Amino acid sequence: MTEKVHFSFALSPRMRSFIELRDALDCLDTAYTNQLGSNWLHAACDLRASLLGDHGRKNAVPEIIALFKDMKKYLKKLADDAPKYHDHILQSCAQIDLLIEQLKPGLPEAVQYLTQDALVNAYLNAQNKHDWLGHKMCMQQSINAIWQHAELRTQPLHQALSPLSHAINKLNDMLNNFVGWESCVAEGGTGHISPSRGKDFGLLVIALPADAVAEGVIPDISGNKLAIRLRFQRWGPGEAPSTYNDDIPYDMMLVPIGNC
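Residues numbered from 1 in each chain as written. Predicted model: local features only at pLDDT ≥ 70, side-chain atom pairs only at ≥ 80, totals over all residues. Heavy atoms only, no water.

Trainee: Help me understand unusual backbone geometry, please; the structure alone is not making it clear to me.
Mentor: Glycine aside, residues mostly have negative phi, and peptide bonds are mostly found in the trans state. Here the phi dihedral of Q35 falls at roughly 50 degrees; this positive angle occurs in a residue that is not glycine. Following the sequence through the fold, Q35 ends up in the loop between α1 (13–34) and α2 (37–52). (Helix = DSSP H or I, 4+ residues; strand = E, 2+ residues; numbered from the N terminus.)

Here it is as C-alpha cells:
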C-alpha cells in the first residue's frame, strides 16, 4: 500500500480551531520527545494562543466540545438509519461523552503553566517588535543552559495536557475514519470538488502519495462550500512556488462535521 500524506483544510471557523490545536499539540510532543528547546517553546506559545484565544484565535476548548457534540449528533442519526449497526454506533456516542469529561481535569494546570512560566513568557516577549529588555539577544544562551534539565521543566505541562491530547487524537481519528475516501486525478495539476448540495461540510482532507510530497508537490485550495478548486504547486528548495502541470492522483474526503 502506498504511503499517503494527509492535508487538512478547514471549511469552518470551528474546524480551524481544531486543526490549530491539534497541530500545536503534535509539534509540542515532537519537540518534547526530541528535546528541542526552541521548537518546544515555539509550539508552547502556539498552544497558548489556542487555549487562551490570543492573537485573534478563539478559545479552542469550547470549539472542540462543540465538535464532539456535532459528531455525537451525526452518529445518532447514522444509528437510526442503520439498525444493523445501531448498538455499535451508540457505544461510540458513549465514548464521546467520556472524552468530553476527560478534557477538563488537566486544563487549569496547563493554562496556569503557559501563562506563568518565565521562559515561555520571555520567548513571547522576544517575538515582539519592540524587545526593550533584549530578550532576543540572550534567549538562545538561556535555552541551551536551561534545557540541560529539560525533562523537569517540561514534564508538568505534558502531564497536564495528556487528557486533552488523548481526546484530540481520538477526535482526529473519528474525523478521518468514518467517511469514505474518493479517488481522483488532478489533470494538469488542477482539480475541482463539488460538495453535495444540501449538506454542509466542515473539513476537507486531501491525501497525496508521500513520494510526491517529498518532491515538493503541495495542494492549494480556493473557492467556497459550493465549489472548491484544487491546484497543485511545487515547492522547490530556495525557489518560489511554481505551478505543477502534470496529472497527479489524489484521494479526498469531505467531512460533514463542524460546519458552524
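After that view, the rundown keeps rolling.
Trainee: Please clarify how the pattern of salt bridges should be interpreted in this entry.
Mentor: Pairs may arise between side chains of opposite charge once their charged atoms sit close together. Inspection of the entire model under this criterion finds 11 salt bridges. Across the pair D54 and R48 runs a salt bridge, and its minimum N-O distance is 3.8 Å. By relative accessible area, D54 is classed as partly exposed at 25%. The partner of D117 in a salt bridge is R153, and the shortest N-O contact between them spans 3.2 Å. (Salt bridge = Lys/Arg side-chain N within 4 Å of Asp/Glu carboxyl O. Buried < 20%, exposed > 50% of the residue type's maximum accessible area, 1.4 Å probe, protein only.)

Trainee: I tried to follow the sheet that holds strand β8 (residues 248–255) on my own but got confused; where do I start?
Mentor: Remark on secondary structure: sheet strands pair via backbone hydrogen bonds, oriented parallel or antiparallel. Pairing in this open sheet of 4 strands is antiparallel, and the strands run β1-β4-β8-β2 from one edge to the other. Each edge of the open sheet carries a strand with a single partner, namely β1 (4–10) and β2 (182–186). Mean inter-strand twist for the sheet, computed between neighbouring axes without regard to direction, equals 30 degrees. Bridge analysis of β1 against strand β4 (residues 203–209) gives 7 bridges, and the strand direction is antiparallel. Pairing of F9 across the sheet is with L204, part of β4. In this fold α1 packs onto β1 and β4, with an angle of close to 135 degrees to the strand it touches most, β1. Of the strands in this sheet, β1, β4 and β8 touch helix α8 (residues 150–177), which is tilted by about 115 degrees from β8. (Pairing = 2+ DSSP bridges. Axes fitted to C-alpha atoms, helices over the stretch in contact; angles between N-to-C directions. Contact = heavy atoms within 4.5 Å.)

Trainee: Please explain the packing of helix α5 (residues 107–116) against helix α6 (residues 118–126) as it appears in this structure.
Mentor: Working note: a packed helix pair is described by the angle between its axes plus the distance between those axes. As a packed pair, α5 and α6 sit with axes 5 Å apart at the nearest point and diverge in direction by 55 degrees. Compared by their axis directions, α5 and α6 come out oblique. Judged by residue contacts, L114, T115 and Q116 of α5 engage A118, V120 and N121 from α6. Looking at the contact of α5 with α6 residue by residue, the class counts come to 3 nonpolar, 3 polar and no charged. (Parallel < 35°, antiparallel > 145°, perpendicular 65-115°, else oblique. Nonpolar A, V, L, I, M, F, W, Y, C, P; charged D, E, K, R; others polar.)

Trainee: So what exactly am I meant to see when it comes to the pairing of strand β3 (residues 190–193) here?
Mentor: Put simply, side chains in a regular strand alternate between the two faces of the sheet. Burial along β3 is one-sided: the face carrying G191 and I193 is buried and the face carrying T190 and H192 is not. In the sheet, β3 pairs with strand β6 (residues 228–234) via 4 bridges, with the strands oriented antiparallel. From the neighbouring strand, T190 faces β6, where its bridge partner is R231.

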